[in-house]
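Here are the chains, one letter per residue:
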Amino acid sequence: MHRFLPALALLAACAQTPPPPDDSPLPPEAAPVDLAFCEGDAFAGSVGQPVSGIQAQLPERARVLGPDGIATQDYRIDRLNVYVDSEGVIQRLTCG
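Reference entry: report on the structure contained in this document.

Quick look at the pattern of salt bridges
Any two side chains of opposite charge can pair if their charged atoms end up close together. Tallied over the full model, the rule gives four salt bridges. The partner of Asp74 in a salt bridge is Arg79, and the shortest N-O contact between them spans 3.3 Å. When its relative accessible area of 37% is taken as the criterion, Asp74 is described as partly exposed. According to the relative accessible area criterion, Arg79 is buried, its value standing at 8%. What emerges from the salt-bridge pattern is a single network uniting Glu39, Arg61, Arg76 and Asp78.

Written out as structure tokens, the structure is:
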């Protein structure tokens, strides 16, 4: 009987925890983005459009980030981030 205790302890450790209840509150929605800090106000209506249409007018500190792109993690409030999908369509704009 005692020789099965380690095996039973191992099985107990592998037991799955029950999922959280479905009535858990939803996370709050993100606050609206204020693009004034990074000179992005003029481009707010460009979401859903190809980035090629506005790329020449983007501020000097702007960067276009694709789905597989690599970006530094430093936060700069004066930098406009333009997130595009694999086809070059703007998905969202943020400062940072």
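Some points on the state of the cysteines
This model, assessed by the stated rule, comprises one disulfide. One disulfide in the model links Cys38 with Cys95; its S-S distance is 2.0 Å. Residues Cys38 and Cys95 are joined through a disulfide that is left-handed, its torsion about the S-S bond being -65 degrees. Of the two residues, Cys38 is situated in the loop between α1 (5–13) and β1 (63–65) and Cys95 in strand β3 (residues 90–95); the sequence distance between them amounts to 57 residues. Accessibility expressed as a relative area gives 0% for Cys38, which makes it buried. By relative accessible area, which is 12% here, Cys95 ends up buried.

Section: the side chain of Arg79
Structurally, Arg79 can be placed in the loop between β1 and β2 (80–84). Other than its neighbours up to four places away in sequence, Arg79 contacts Cys38, Arg61, Arg63, Thr72, Asp74, Thr94, Cys95 and Gly96.

Points about the nonpolar core
Within the largest apolar cluster, 12 residues are counted, these being Leu35, Cys38, Phe43, Val51, Ile54, Leu58, Leu80, Val82, Val84, Ile90, Leu93 and Cys95. Among the elements of the structure, β2 and β3 are those that each provide at least two residues to this core.

Digging into the sheet that holds β2
The strand order across the open sheet built from three strands is β1-β2-β3, with neighbouring strands paired in mixed fashion. Edge strands, defined here as strands with exactly one partner in the open sheet, are β1 and β3. The sheet shows a mean angle of 25 degrees between the axes of neighbouring strands, taken without regard to direction. Here three bridges tie β1 to β2, and the two strands are oriented parallel to one another.

Concerning the side chain of Ser46
Relative to the helices and strands, Ser46 resides in the loop between α1 and β1. Beyond its immediate sequence surroundings of up to four residues, Ser46 is in contact with Ile54 and Ile90.

About the thresholds
Residues numbered from 1 in each chain as written. Predicted model: local features only at pLDDT ≥ 70, side-chain atom pairs only at ≥ 80, totals over all residues. Heavy atoms only, no water. Salt bridge = Lys/Arg side-chain N within 4 Å of Asp/Glu carboxyl O. Buried < 20%, exposed > 50% of the residue type's maximum accessible area, 1.4 Å probe, protein only. Disulfide = S-S within 2.5 Å. Helix = DSSP H or I, 4+ residues; strand = E, 2+ residues; numbered from the N terminus. Contact = heavy atoms within 4.5 Å. Core = buried A, V, L, I, M, F, W, Y, C linked by side-chain atoms within 4.5 Å. Pairing = 2+ DSSP bridges. Axes fitted to C-alpha atoms, helices over the stretch in contact; angles between N-to-C directions.

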